[in-house]
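Residue-level structural notes
Now for the letters of each chain:
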Amino acid sequence: MKNKHFFIPLIIYITLSLLLYPFFQYNLNPDGIVYISIAKKYFTFNWELAINGTWGPMLSILFIPALLLNVEPIFYIKFVNIILGILLFWGLKILVSDSHPLNIENNYTKRGKLSFLQHISGQSGSLNLRDDVKNAFFYAIIIPTVYFTYWVISPDFLLLVTFIFYIGLVIHEKFLKEIRNSILIGVLGALLYYIKSYGFPFFLLHFSVLFLIGFVSAEKKDKTKIAKYGFLVLLVFSSISSFWIINIHEKYDKWGISSANNLFFSQINPKNNLVHAYLNNGIIAPPDSMSIAANEDPSLYDIESWNPFGSSESIKYYSGWVLKNILKVIQFILVFSPFVILLFFPKIVSRIIKDKRAFTIIISMILYSSGYIMLFVETRYVWQVML
């Protein structure tokens, strides 16, 4: 792929984003208000108040430079999102160019059969697509990236970009074969958690699945090395993640990766009509002196738990809920990426299974969406799958 067909779409994206800025500069949503409020607690060193088990710390931390520079946060975050859009282009370039975020030479193409993606490209790299396909891809993602930039203030765009770089590492042939690759995977896994608590169970599940596949399929002489680097990944991930988990424990006096474990199940409780139960109790005071809204820390309020398996009626309702979420994800994907319907053809499926990287990406899409399917699905929750 010639660089001009990467930089021209990138420049178009930046230009469009800047031209559209005046129309979206005041765009603000309830979640954005919360993240800005929490950022002010970090900025004023009110660490005890800033620690929040419901809202991940990373997006609030990104707001701190705006407070230091005395810039309006809702204006500032739009430019941060433009930078994230640029990083998204870069991360996707890594994936479709069959390169590595650490610029390690890739020898994967020297072995293995041609996959479906290789068949399309006519080349030997699993994601090393033909130049015209790459060119079309980067022009095609201009509008979606502008959409991600201005839709809402949320950690989901940051999560998407981090996810893309993480996938770029795990599909590389150096996966579980090199120290720096393993360390960076652990760091990015922890970053997924700091961005959004959903990142913690996703990373553990996703990495465990890929590790088991790699370990079982490896030659006997390589199993010890794979186990060693797998342990290193988990060590880095747990070491970084434990800092936030300990802080949550200190504040709420209970162990967990998040203090909002009951929120989603409470919301989908049929009695609550998809509204958080604590919001049905009239006007509620903010949780602390620096908060401006009750939803800054909903875990401090009395939240009625709901067990989806507590009765036959609950099981029936929850089964229907999950089915609706599955259909909703499929709808999002088909509207956003209609070509994905090709994946349902048996011959294409068999070819993807034979291709290590294409198979890994499909597995990643399924695993990422599965958690939200069990809870709650919104468009921004499954951008990773849609893109």
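To be clear, the structure that these remarks concern was listed above.
**As for the overall build of the protein**
- Counting its regular elements, the protein contains 17 helices and zero strands.
- Across the protein, contacts joining residues at least 24 apart in sequence account for 74% of those joining residues at least 6 apart.
- Summing over all exposed atoms, the protein offers an accessible surface of approximately 18,900 Å²; the carbon and sulfur share of this is 67%.

**Structural notes on the side chain of Lys196**
- Here Lys196 shows up in the loop between helix H10 (179-195) and helix H11 (199-217).
- Within the structure, the side chain of Lys196 is placed 2.6 Å from the side chain of Asp156, a separation counted as a polar contact.
- Discounting residues that sit within four places of it in the chain, Lys196 has contacts with Pro155, Asp156, Leu159, Tyr372, Arg380 and Tyr381.

**A look at the pattern of salt bridges**
- Across all of its chains, the model carries ten salt bridges by this definition.
- With its nearest N and O atoms 2.6 Å apart, the salt bridge here joins Asp156 to Arg380. You can see Asp156 sitting in helix H9 (residues 156-170) and its partner Arg380 sitting in the loop between helix H16 (356-374) and helix H17 (383-386), a full 224 residues away along the chain. Summarising the burial analysis for this pair, Asp156 and Arg380 share the class buried.

**Concerning the packing of H9 against H10**
- Where H9 meets H10, the axes come as close as 10 Å, and the angle between the chain directions of the two elements is 160°. In terms of axis orientation, H9 runs roughly antiparallel to H10. H10 is crossed by H9, and the crossing has left-handed handedness. Between H9 and H10, the contacting residues are Leu158, Leu159, Thr162, Phe163, Phe165, Tyr166, Leu169 and Val170 on the first element and Asn181, Leu184, Ile185, Leu188, Leu191, Leu192 and Ile195 on the second.

**Notes on a nonpolar patch on the surface**
- The grouping of Leu323, Ile326, Leu327, Ile330 and Leu334 at the surface amounts to a nonpolar patch, some 410 Å² of accessible area in total.
- Relative to the helices and strands, Leu327 is located in helix H14 (residues 312-336).

**Examining the nonpolar core**
- Formed by 95 residues in total, the largest nonpolar core has its most connected members in Phe63, Tyr166, Ile185 and Phe207.
- Residues within four places of Phe63 in sequence aside, it is in contact with Tyr35, Ile36, Ala39, Pro73, Tyr76, Ile77 and Ile153.

**Notes on the environment of Pro22**
- One can find Pro22 in helix H1 (residues 4-24).
- Relative accessible area serves as the criterion here: at 46%, Pro22 is assigned to the partly exposed category.
- Through-space distance from the C-alpha of Pro22 to that of Phe75 is 9.7 Å; in sequence the pair is 53 residues apart.

**Observations concerning the packing of aromatic side chains**
- Scanning the model with the defined rule gives 36 aromatic pairs in all.
- Both rings, one in Phe89 and one in Phe138, keep their centres 6.3 Å apart while their planes meet at 20°; by these two values the pair is stacked. You can see Phe89 sitting in helix H5 (residues 73-96) and its partner Phe138 sitting in helix H7 (residues 131-140), a full 49 residues away along the chain. This pair shows no difference in class: Phe89 is buried, exactly as Phe138 is.
- Over the face of the ring belonging to Phe6 we find Lys93, whose NZ or CZ atom lies 5.6 Å from the ring centre.
- A cation sits over an aromatic face here: Lys228 above Tyr229, 5.0 Å from the ring centre.

**A word on the packing of H9 against H11**
- Taken N-terminus to C-terminus, the directions of H9 and H11 make an angle of 15°; their axes are 12 Å apart at the nearest point. As summarised for this structure, H9 and H11 are arranged roughly parallel, according to the angle between their axes. Like other packed secondary-structure pairs, H9 and H11 cross with a definite hand, here right-handed. Residues Phe163, Tyr166, Ile167 and Val170 of H9 lie in contact with H11, whose contacting residues are Phe202, Phe203, His206, Phe207 and Leu210.
- When the residues that make up the contact of H9 with H11 are grouped by side-chain class, the tally is eight nonpolar, one polar and no charged.

Definitions and cut-offs
- Residues numbered from 1 in each chain as written.
- Predicted model: local features only at pLDDT ≥ 70, side-chain atom pairs only at ≥ 80, totals over all residues.
- Heavy atoms only, no water.
- Helix = DSSP H or I, 4+ residues; strand = E, 2+ residues; numbered from the N terminus.
- Contact = heavy atoms within 4.5 Å.
- Areas by Shrake-Rupley, 256 points an atom, 1.4 Å probe, with all protein chains shown as cover.
- Polar contact = N/O pair within 3.5 Å; in protein donor to acceptor, adjacent residues only side chain to side chain.
- Salt bridge = Lys/Arg side-chain N within 4 Å of Asp/Glu carboxyl O.
- Buried < 20%, exposed > 50% of the residue type's maximum accessible area, 1.4 Å probe, protein only.
- Axes fitted to C-alpha atoms, helices over the stretch in contact; angles between N-to-C directions.
- Parallel < 35°, antiparallel > 145°, perpendicular 65-115°, else oblique.
- Left-handed = near helix turned anticlockwise from the far one by under 90°.
- Patch = residues over 30% accessible without salt bridge, like charges linked within 9 Å, V, L, I, M, F, W, Y side chains within 5 Å.
- Core = buried A, V, L, I, M, F, W, Y, C linked by side-chain atoms within 4.5 Å.
- Phe/Tyr/Trp six-rings, centres within 6.5 Å; stacked < 30°, edge-to-face > 60°.
- Lys NZ or Arg CZ within 6 Å of the ring centre and 35° of its normal.
- Nonpolar A, V, L, I, M, F, W, Y, C, P; charged D, E, K, R; others polar.

Don't take any of this as a statement about function, it's just geometry.
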